[in-house]
Amino acid sequence: MKSLRFRGGSEIDVVEVATPVPGPGQVAIDTVASALCGSELRGYEGVGAETGNSGHEAAGVVSALGAGVTSLQLGDRVGVSAIAGCGDCGYCERGQYTWCPDHTFAANMHAETFVTSARACHNLPDDLPWDVAVLITGDALGVPYHTSTMLARYDIETVAVFGLGPIGLGQVLVQTYLGRRVIGVDLVAERLALAESFGAWQTLDAGSGDAAGQIRDLTGGGADACIEAAGRPVTAKQCFAAVRKGGVVVFNGEQGPIGLSPSEDFIRRDITAFGAWYYHFGEYPAMLELYRNGLPIADLITHRLPLTRGAEAFRLFASGQTGKALLTEEPG
């Protein structure tokens, strides 16, 4: 079967590998669509991998069952969470796989077939389009929705989103749908334009001046909440500079340590900050309902290419020319 292999240095090969065989508690899935995620760019642009790829958002058809699997059948349409819980702890019982101390992470989904835990699979309604399924069961809606459940304060009216990659654009879409005024901040004109098309109240070119100062001017003191979705220390610091007193800062973008002052950044301004990683497996029904009620999540998709054009898809994605990009058997 065909699979992408990350060579590193922004190089990708399409290689022939053996079709994976599911082990106990696992299933094999014939991929219909997989989505590119910003977190993959570190491996893509960096050292790469000896085998496989970091694809972790996909949907497809169950093609083989491992020993002991009774929750799925051959031919089932499924969307896949990258995170699978142990199945035995209290967190798993509540569908909170990301909090399970023994959770596992599955990758190698940019391939014609991949293997994952049966517990990580969401059964899909027959009328749910494949591309929407990938967004609902992966990062694109999962992270913004999970964030929204913790950003539910009544006094949050204005939200600034720093970084308009797929997660940031998803935040614009969700927060606008929830009735909030959204300010999108990025360096890439194409992504600023996408944020505007999703209903952003204002967009700011981060390279044109002091974005935090502009947000304070626009809002009369600062945004009620600032979401860091770029994964960069400079934008994390800008979030604290742009949020109003008593406001909220949210970390979505993965990054290393940054210098913050408990007194200046938190205590003396009554700032709340939290992180939101992926989504709880049990949140899938609520996200599906949000889509059914009119959230235009498919608008995030700007590019659909076949697996054999994976290198091209990643080049476009890394250059900021896409929203959410899919590798699918139905290119467009």
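Quick note: structure is the one above.
Residues numbered from 1 in each chain as written. Predicted model: local features only at pLDDT ≥ 70, side-chain atom pairs only at ≥ 80, totals over all residues. Heavy atoms only, no water.

S.K.: Any chance you could explain the packing of helix α4 (residues 139-150) against helix α10 (residues 284-292) here in plain terms?
M.R.: For any two helices packed against each other, the geometry comes down to the angle between their axes and how far apart the axes lie. Contact pair α4 / α10: the axes reach a minimum separation of 11 Å and the direction vectors enclose 100°. Between α4 and α10, the crossing angle belongs to the class labelled roughly perpendicular. Counting all contacts with α4, which are made through L141, G142 and Y145, the residues of α10 involved are A286, M287 and L290. Classifying every residue of the contact of α4 with α10 gives 5 nonpolar, 1 polar and no charged. (Axes fitted to C-alpha atoms, helices over the stretch in contact; angles between N-to-C directions. Helix = DSSP H or I, 4+ residues; strand = E, 2+ residues; numbered from the N terminus. Parallel < 35°, antiparallel > 145°, perpendicular 65-115°, else oblique. Contact = heavy atoms within 4.5 Å. Nonpolar A, V, L, I, M, F, W, Y, C, P; charged D, E, K, R; others polar.)

S.K.: Help me out: how do you make sense of the packing of aromatic side chains in this one?
M.R.: Each aromatic ring pair is specified by the distance between its two centres and by the angle formed by the two planes. Scanning the entire structure with this criterion turns up 8 aromatic pairs. Ring centres of F6 and F314 lie 5.2 Å apart, and the angle between their planes is 80°; this geometry places the pair in the edge-to-face category. Of the two residues, F6 sits in strand β1 (residues 2-8) while F314 sits in helix α11 (residues 310-318), which places them 308 residues apart along the sequence. One exposure class covers both F6 and F314, and it is buried. Counting every residue linked through ring pairs, the aromatic cluster contains F6, Y44 and F314. The residue whose ring lies beneath R77 is W130, and the NZ or CZ to ring-centre distance is 4.2 Å. A cation over an aromatic ring shows up here: R181 above the ring of W201, its NZ or CZ 4.0 Å from the ring centre. (Phe/Tyr/Trp six-rings, centres within 6.5 Å; stacked < 30°, edge-to-face > 60°. Buried < 20%, exposed > 50% of the residue type's maximum accessible area, 1.4 Å probe, protein only. Lys NZ or Arg CZ within 6 Å of the ring centre and 35° of its normal.)

S.K.: Please explain the pairing of strand β3 (residues 26-35) as it appears in this structure.
M.R.: Every other side chain in a regular strand lies on the same face of the sheet, so the side chains alternate between the two faces. With 8 of 10 residues buried, β3 is to be regarded as a mostly interior element. Taken together, the 5 bridges between β3 and strand β8 (residues 113-117) define a ladder with antiparallel strand orientation. Considered in β8, the bridge of V27 is made with T116. Sheet topology places β3 next to strand β4 (residues 58-65); 7 bridges connect them, and they run antiparallel. Directly across from D30, in β4, lies its bridge partner V61. The sheet contact formed by β3 and strand β17 (residues 324-328) spans 3 bridges and is antiparallel. Considered in β17, the bridge of S34 is made with L327. (Pairing = 2+ DSSP bridges.)

S.K.: It is not clear to me how the sheet that holds strand β14 (residues 243-251) should be interpreted in this structure. Could you clarify?
M.R.: Backbone hydrogen bonds hold the strands of a sheet together, and the pairing may be parallel or antiparallel. With parallel pairing, 6 strands are arranged side by side in an open sheet as β12-β11-β10-β13-β14-β15. Each edge of the open sheet is held by one strand with a lone partner, namely β12 (202-205) and β15 (272-275). Going from strand to strand, the sheet's axes swing by 15° on average, the running direction of each strand aside. Where strand β10 (residues 158-162) meets strand β11 (residues 181-186), 5 bridges bridge the pair, whose relative direction is parallel. The residue of β11 that forms the bridge with V161 is G184.

S.K.: It is not clear to me how unusual backbone geometry should be interpreted in this structure. Could you clarify?
M.R.: Keep in mind that most residues, glycine aside, have a negative phi and that most peptide bonds are trans. Of note, the phi angle at S10 is positive, near 65°, even though the residue is not glycine. Here S10 falls in the partly exposed class, since its relative accessible area comes to 30%.

S.K.: How should the side chain of T31 be read in this particular structure?
M.R.: Tracing the sequence through the fold places T31 in strand β3. With sequence-adjacent residues up to four places away left out, T31 is seen in contact with A58, A59, G60, M109, A111, E112, T113, F114 and E329.

S.K.: Would you mind going over α10 with me for this structure?
M.R.: Turning to α10, its buried residues number three or more, namely Y284, M287, L288 and L290. Within α10, the buried residues cover an arc of 155° as seen down the axis, which keeps them to one side. Buried residues along α10 sit in contact with β9 (121-123), α3 (130-137), α4 and α5 (166-177). One or two positions beyond α10, positive phi appears at G294, with a value near 120°. (Arc of directions from axis to C-beta.)

S.K.: What is the right way to read the packing of α5 against helix α6 (residues 189-197) from this model?
M.R.: Packing of α5 against α6 brings their axes to within 9 Å, and their N-to-C directions diverge by 20°. Accordingly, the angle class assigned to the pair α5 and α6 is roughly parallel. Pair α5 / α6 crosses with right-handed handedness. Contacts between α5 and α6 involve P166, L169 and V172 from the former and R191, L194 and A195 from the latter. Residues that form the contact of α5 with α6 fall into these classes: 5 nonpolar, no polar and 1 charged. (Left-handed = near helix turned anticlockwise from the far one by under 90°.)

S.K.: Could you clarify how one ought to interpret the pattern of salt bridges in this entry?
M.R.: Proximity of charged atoms lets side chains of opposite charge pair with each other. With the rule as written, the count across this model stands at 12 salt bridges. The closest approach of N and O atoms between D13 and R7, which form a salt bridge, is 3.6 Å. Overall, the relative accessible area of 22% leaves D13 in the partly exposed class. Overlapping salt bridges bring together R153, D155, D224 and R244 as one network. (Salt bridge = Lys/Arg side-chain N within 4 Å of Asp/Glu carboxyl O.)

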